[in-house]
Every structure is written in structure tokens, then in C-alpha cells.
Amino acid sequence: SFDEVLDRIGGFGRFQKTLYVWICLPQIFLAFHMLVSVFTGAVPPHLCRSSQPVGDAPWLGLNNSNASWETCSSLQNVQLSQLNHSDLSLPISEHSTTSKSCKGGWEFSKDVFLSTVVTEWDLVCENATLNNIGSSIYMFGLLVGAVLFGALADKYGRKIIILIGLAAQVIFGVGAAFAPNFYIYVMLRFVVGMTVSAVIMNAFVLGTEWTGPKQRMLAGVITDYFFGFGYILLAGVAYLIPDWRKLQLAISAPGFLFLFYIWVLPKSARWLMANQKHEEALDLIHKAALINGKPLGDDDIELFQSLKKGEKLEDQRKYTVIDLVRTPTMRKQSLILFYLWFVNVLVYYGLSLNISDFDMNIYLTQMIFGLVEMPARTVTLFTLNRSRRISQLAFLATGGLACLLTIFIPDDLSVVRTALAMVGKFGITASLSIVYIYSAEVFPTVIRQNGIGMGSMCARAGGVIAPVIYLLRNSSHHAPMVVFGLCPLIGAALTMFLPETAHKPLPDSIEDVERTGDRLVGLDAAPQDPTGG
């Protein structure tokens, strides 16, 4: 197999290490685009000018002008005298929806942000939901991009799609910084979301296809570290650039530097062989072998070509996505894994995109949540070798319980609430890292790619729903955290019905999965001969 060829030329030699440098650098900017709405979509304290004000807004400490200002609540005939300063600082979603427009215009505090999309286009009161919907549309772009660019990459190759994704990301990202209205801004962000999927997905695949099986898990974690570094770095960049247009420009324009990837990023030899471009694949393999100092003979490559080509064609003709749910055991395991993908991304972005709810310094909270990424991804390297199932279950339960406990903490203990949310973020981040590996080991070889693809789509659906969950605050302030707590706990319970895959051979066929399922059912009933499927 191609993995044997990689072992011969070096599964993670100098060639692969250089490749991972090129793969990891864009991860920093992908993290910027994924999380920048925390700052560009922030909602500062705000008041409506009900008449000509005689002074500054109340948050500046000048109370002589209070009678000239109204909040969302007071626009619904609530007397301003009943509202104190703390009411004005509550998140906009805690105010009821107004049926009366603000005729005097909105005034926003500039203590933290000079401008955001909220202050630019008055996304408060009756327009507050547009901010959440805009985030969901961006996440929907990730889903569309995963489907579209996944198919295009299979047809045209990984490298060309990565290059197109990086170029489009710069163009539409810079364009978003100059958007004339909110709707064009959301449309441009939707396209940026598509390009993020194109780069993340195909960079991961390109790295995996060039890396030996023994080093793939470690290589994947290295990529995650760079995303985490971007997570942390964004807090500093946003602090230095409190204007949303300049911030959007700052995270997008440097993407022009990736122009040199046209010359340094290699194609996937595995994809070239699967698409019968043998000479180009051979040249790349010889180049990689030469860089790694382990030359490979032509006879070995030609033998691999004939074997691998026949195997891939046979698999593609026989199996489809329907086979994931055709048989009982495979159906049970597939549906559970799809739910785990969904809930991990739902809670991950539910916590990441709404850090302002924890009533602490938004930049400090962003940095802390980013720092949590590093140990969370590192600890999985040690726990996975013991048990995939127990690791998945334990981290899901940790994340769910921590989120659930935050609802019992009084609002004035914001440090405690943030600490619990940080534990929840730790658990969910570790769980999200595990589900990639666990899924690849549960799905049999013949439908593994289909299974991972469907799981990724379910994950993107969780990302689309995550910003909308916060609209539940209109009904109850604690509702979002209840959802983010209960959903992972349900996932932890469902994980008990999945097989253990640590130190076990991977299933190659659906029949292998069904035989294993039947054997487990039999063992639950009574001891049996282990050879009796």
C-alpha cells in the first residue's frame, strides 16, 4: 500500500516536516476568521437618544443627561427611573424586543470598542437577532464549503483547492472590511466561511496523505496547536485594533503572503496515483525520498500503482453513504458518532463565540480560552493509548457537567463562572480532538471516507446552530448553558454503546462491524467462545 511506500521513503522526514510548516501557517489565520466575530460582533453598552441630549451618556458618569436617554426596555414604556446603571450593561438579548424604533439614534460606549458591526448598523433591540443570524450564516458557509470543495478536491486535487481557498479568503475577507451594509458584509463572510472549509479540510487531507500511519496522530495535534496559537494571538490583535473594519482588514490582508505556496506546496502523490497520473506521482515520490535521504526503487512504485488503483476502484463501485445505516450495528454506531460530531462542535463554538457572556474582560477571556486548547489537545495523546471510548466519554462528561454547573453560580461571581466555562471548554476541545480519531477507527475501511464526510457535515450543522442557541436567552438567561451542558452528557451516555478500538485491528468491511456487534451482544448475555461470531 501507499503507507508501505511512505515507510520506505520516511513517514515523517524532512519533506513531511517542511510540508507541515506550510500547512500550519494558514491555521493561524483560519482561527482569526473563525473567531473574529467575538470582537467585530460585540455589543457595547448602549442608549437611545429620545430627545436632544444635554450631556454625555450615563456610563461616563454624568447623570445630568439621564432624562434624555432610553434603553431597549424603556422604549417599551418602562420608566427610565426604574433602570439603574447595571441594567444598561446587560447583554442586549436580556432586554425585551422593542416595538418602537429609536428615532434619536443609538449612542454606544467606546470604553472597549471604537466600533463593531453592531455599532455601525445599530444591531440592537429589534435588530439584535441579526447579529446571531449573521454568525450562523458564516457557519453555514463552512458547511457549504465542506461539501463543495471536498468534491472539487477529489476531482482536481488538494493543492489547487487550497490555493483557490487562500486566494478567495484574502479577496472576500478584505472585501468584508469595506462592506457598505450589513447584508453585503454577511454575504462576504459566508464566502470566507466556504474558503475556511476549503483550506482546513484539504490541508488536513494533504498532510495525512503524505504522513506515515505511525506519525499521523502527532502531526494532526501539531496542526491543532497552530490553530490554538491563532486563537490566543487574536486576543492581542483585537486589543490593539478596536475598530472592526481595521481588524477585519488586519486578519485578511496578510493572506497575500501565501502567494508563494504556488511554488512550494506539493501535490498529493496518493491522489495523483488514484487518478492515474503515475509519472507525476513518481516524480514527487522520488523527490520526497531524496529530501528524506531514503531513495525508493521504481519496481516498488510500479507494483504499488497496480495494487492500489484496483483496490480504490473496487471500493468506490460497491459502497455508498447508505451503507452507513443499512445494517443494525453499523447504523447504531454511525448515528451515535454523527451525534458526537454535532454536539462537540455545537458546544465548542457555543462557548468560543459568546465569551462576552461571562462578564469579564473580553480580551483576557479570549486568551484564557485559547490557552486551554494546548493542554486539552496534548492530554489526548496520553489518554487515547489507554482507551478511546473511556477518553471520549470522560471528556464529554467533563465538558457537559462544567457547563451545567455555571447556571448555579451567581452573576456576581463572574470569575467562578468563567473558570467553570474554561473547564467545559477544556473537556469539549479534548473530546473534539478524539472524535476525529475514534470515528476513523470505528468506521470500516470500505466506507471510512463516507463516514468521516457525513460526520463533518453534522459538525458543521452544530456550528450553524451554535450562535442561534443564544437567542434562547430571551426566554431564560441560563437556557444556552443548560443546552451546552445536557447535550454532551447525552453524548457521554451514548458513547458507552460504541466499541473500544484502542490496540485493536481496524474493521475492513461492514461484515467485520456486524460480527463484532453480535459478539458483544452475546458476551453481555453469557460467556461465549470468542471465535463464535
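Because the structure is predicted, anything quoted here is derived from the model rather than measured.

Colleague: Residues and numbers for the overall build of the protein chain, please.
Modeller: What the protein chain contains, in helices and strands, is 21 helices and three strands. Here the protein chain, with 533 residues, has 52% of them falling under the buried criterion. Within the protein chain, residue pairs in contact and separated by at least 24 positions form 80% of the contacts whose partners lie at least 6 positions apart. Carbon and sulfur atoms make up 63% of the accessible area of the protein chain, which totals about 23700 Å².

Colleague: Talk me through the side chain of Gln-248; I want residue IDs and the actual numbers.
Modeller: Among the secondary structure elements, Gln-248 is positioned in helix α10 (residues 244–252). Residue class for Gln-248 comes out buried when judged on its relative accessible area of 0%. A distance of 3.1 Å separates a polar side-chain atom of Gln-248 from the backbone oxygen of Gly-173. Apart from residues lying up to four places away in sequence, Gln-248 is in contact with His-33, Val-36, Gly-173, Ala-176 and Ala-177.

Colleague: Please give an account of the packing of aromatic side chains that cites residues and values.
Modeller: One pass over the full model with this rule turns up 25 aromatic pairs. Geometrically, the ring pair formed by Trp-121 and Phe-182 is edge-to-face, given 6.1 Å between the ring centres and 65° between the ring planes. One end of the pair, Trp-121, is in helix α5 (residues 117–121); the other, Phe-182, is in helix α8 (residues 182–210), and 61 residues separate them in sequence. Residue classification places Phe-182 among the buried residues on the basis of a relative accessible area of 8%. Between the aromatic rings of Phe-182 and Tyr-183, the centroid separation amounts to 6.0 Å while the plane-to-plane angle is 70°, which identifies the pairing as edge-to-face.

Colleague: Go over a nonpolar patch on the surface with me, naming the residues and quoting the values.
Modeller: On the surface, a nonpolar cluster with roughly 430 Å² of combined accessible area is contributed by Leu-259, Ile-262, Trp-263 and Val-264. Tracing the backbone shows Leu-259 in the loop between α10 and α11 (261–264). Overall, the relative accessible area of 53% leaves Leu-259 in the exposed class.

Colleague: Explain the packing of helix α17 (residues 388–405) against helix α18 (residues 414–442) residue by residue, including any values.
Modeller: As a packed pair, α17 and α18 sit with axes 7 Å apart at the nearest point and diverge in direction by 155°. If you check the angle between α17 and α18, you find them roughly antiparallel. Taken as a pair, α17 and α18 cross one another with a handedness that is left-handed. When grouped by side-chain class, the residues that make up the contact of α17 with α18 number 14 nonpolar, seven polar and three charged.

Colleague: Quick one: what's the story with the pattern of salt bridges, residue by residue and with numbers?
Modeller: Enumeration over the complete set of coordinates arrives at nine salt bridges. Residues Lys-267 and Glu-280 are paired through a salt bridge, measuring 2.9 Å at the closest nitrogen-oxygen approach. Here Lys-267 is found in the loop between α11 and α12 (269–274), whereas its partner Glu-280 is found in helix α13 (residues 278–292), with 13 residues between them in sequence. Overall, Glu-280 belongs to the partly exposed group, its relative accessible area being 32%. Glu-441 is paired through a salt bridge with Arg-388; the nearest N and O atoms lie 2.8 Å apart. Here the residue Glu-441 occupies a position in helix α18, and Arg-388 occupies one in helix α17, the gap between them amounting to 53 residues.

Colleague: Quick rundown of α18? Include the residues and the values.
Modeller: Counted at 1.5 Å a residue, the expected span for α18 with its 29 residues is 42 Å, and the 41 Å between its end C-alpha atoms agrees. Where α18 bends most, the angle comes to about 25°, and this point is Val-435.

Colleague: An account of the environment of Leu-35 is requested, with residue identities and associated values reported.
Modeller: You can see Leu-35 is positioned in helix α2 (residues 14–35). Taking C-alpha positions, Leu-35 is 6.5 Å from Leu-353, a pair spaced 318 residues apart along the chain. If we skip the residues at most four places from it in the chain, Leu-35 touches Tyr-231, Leu-234, Tyr-349, Ser-352, Leu-353 and Gln-366.

Colleague: Go over the packing of α17 against helix α20 (residues 479–495), please, and point to the residues and values.
Modeller: One can describe the packing of α17 onto α20 by two numbers: an axis separation of 7 Å at closest approach and a directional angle of 160°. Considering their axes alone, α17 and α20 lie roughly antiparallel with respect to each other. The handedness of the crossing between α17 and α20 is left-handed. Across the interface between the two elements, Arg-389, Gln-392, Leu-393, Leu-396, Ala-397, Gly-400, Leu-401, Cys-403 and Leu-404 of α17 pack against Met-481, Val-482, Phe-484, Gly-485, Leu-486, Pro-488, Leu-489, Gly-491, Ala-492 and Thr-495 of α20. Residue composition of the contact of α17 with α20, by class: 13 nonpolar, five polar and one charged.

Colleague: Tell me about helix α9 (residues 216–240), and please be specific about residues and values.
Modeller: In this model, α9 (25 residues) spans 37 Å end to end at C-alpha, consistent with the 36 Å of a helix rising 1.5 Å per residue. The principal kink in α9, of about 25°, is found at Leu-233.

Colleague: I'd like a rundown of unusual backbone geometry, residues and numbers included.
Modeller: In this structure, Asp-122 takes a positive phi of about 50° despite not being glycine. Looking at the element boundaries, Asp-122 is found in the loop between α5 and α6 (128–156). With a relative accessible area of 30%, Asp-122 lands in the partly exposed category.

Colleague: Before we move on, can you summarise the nonpolar core with the specific residues and values?
Modeller: With 102 residues, the main nonpolar core has Met-34, Phe-39, Met-139, Trp-210, Ile-285, Tyr-349 and Phe-484 as its most contacted residues. Residue contributions to this core peak at 13 residues, all from helix α15 (residues 328–352). Each residue touching Met-139, except ones within four places of it in the same chain, is listed here: Met-34, Tyr-349, Leu-353, Arg-460, Gly-463 and Val-464.

Colleague: Go over the environment of Ile-428 with me, naming the residues and quoting the values.
Modeller: Within the secondary structure, Ile-428 is located in helix α18. In this structure Ile-428 comes out as buried when scored by relative accessible area, which is 0%. Once the C-alpha coordinates of Ile-428 and Val-343 are considered, the two residues, 85 residues apart in sequence, prove to be 9.1 Å apart. The residues contacting Ile-428, other than those within four sequence positions of it, are Asn-344, Val-347, Tyr-348, Phe-395, Leu-396, Gly-399 and Pro-488.

Colleague: Pulling in residues and values, what's your account of the environment of Leu-371?
Modeller: Relative to the elements of secondary structure, Leu-371 occurs in helix α16 (residues 362–383). What makes Leu-371 partly exposed here is its relative accessible area of 44%. Residues Leu-371 and Met-422, 51 residues apart in the sequence, show an inter-C-alpha distance of 9.7 Å.

Colleague: Quick one: what's the story with the confidence of the model for the protein chain, residue by residue and with numbers?
Modeller: Chain-level statistics for the protein chain give a pLDDT mean of 81 and a share of 82% at 70 or above. For the protein chain, the element scoring lowest by mean pLDDT is helix α4 (residues 85–88), at 41; α10 scores highest, at 96. Note that pLDDT drops below 50 for residues 59–68; the model gives that stretch 24 contacts with residues more than four away or on any other chain.

Calculation notes
Residues numbered from 1 in each chain as written. Predicted model: local features only at pLDDT ≥ 70, side-chain atom pairs only at ≥ 80, totals over all residues. Heavy atoms only, no water. Helix = DSSP H or I, 4+ residues; strand = E, 2+ residues; numbered from the N terminus. Buried < 20%, exposed > 50% of the residue type's maximum accessible area, 1.4 Å probe, protein only. Contact = heavy atoms within 4.5 Å. Areas by Shrake-Rupley, 256 points an atom, 1.4 Å probe, with all protein chains shown as cover. Polar contact = N/O pair within 3.5 Å; in protein donor to acceptor, adjacent residues only side chain to side chain. Phe/Tyr/Trp six-rings, centres within 6.5 Å; stacked < 30°, edge-to-face > 60°. Patch = residues over 30% accessible without salt bridge, like charges linked within 9 Å, V, L, I, M, F, W, Y side chains within 5 Å. Salt bridge = Lys/Arg side-chain N within 4 Å of Asp/Glu carboxyl O. Axes fitted to C-alpha atoms, helices over the stretch in contact; angles between N-to-C directions. Parallel < 35°, antiparallel > 145°, perpendicular 65-115°, else oblique. Left-handed = near helix turned anticlockwise from the far one by under 90°. Nonpolar A, V, L, I, M, F, W, Y, C, P; charged D, E, K, R; others polar. Expected span 1.5 Å × (residues − 1). Bend = angle between axes of the 7 residues up to and from the residue. Core = buried A, V, L, I, M, F, W, Y, C linked by side-chain atoms within 4.5 Å. pLDDT = per-residue confidence, 0-100.

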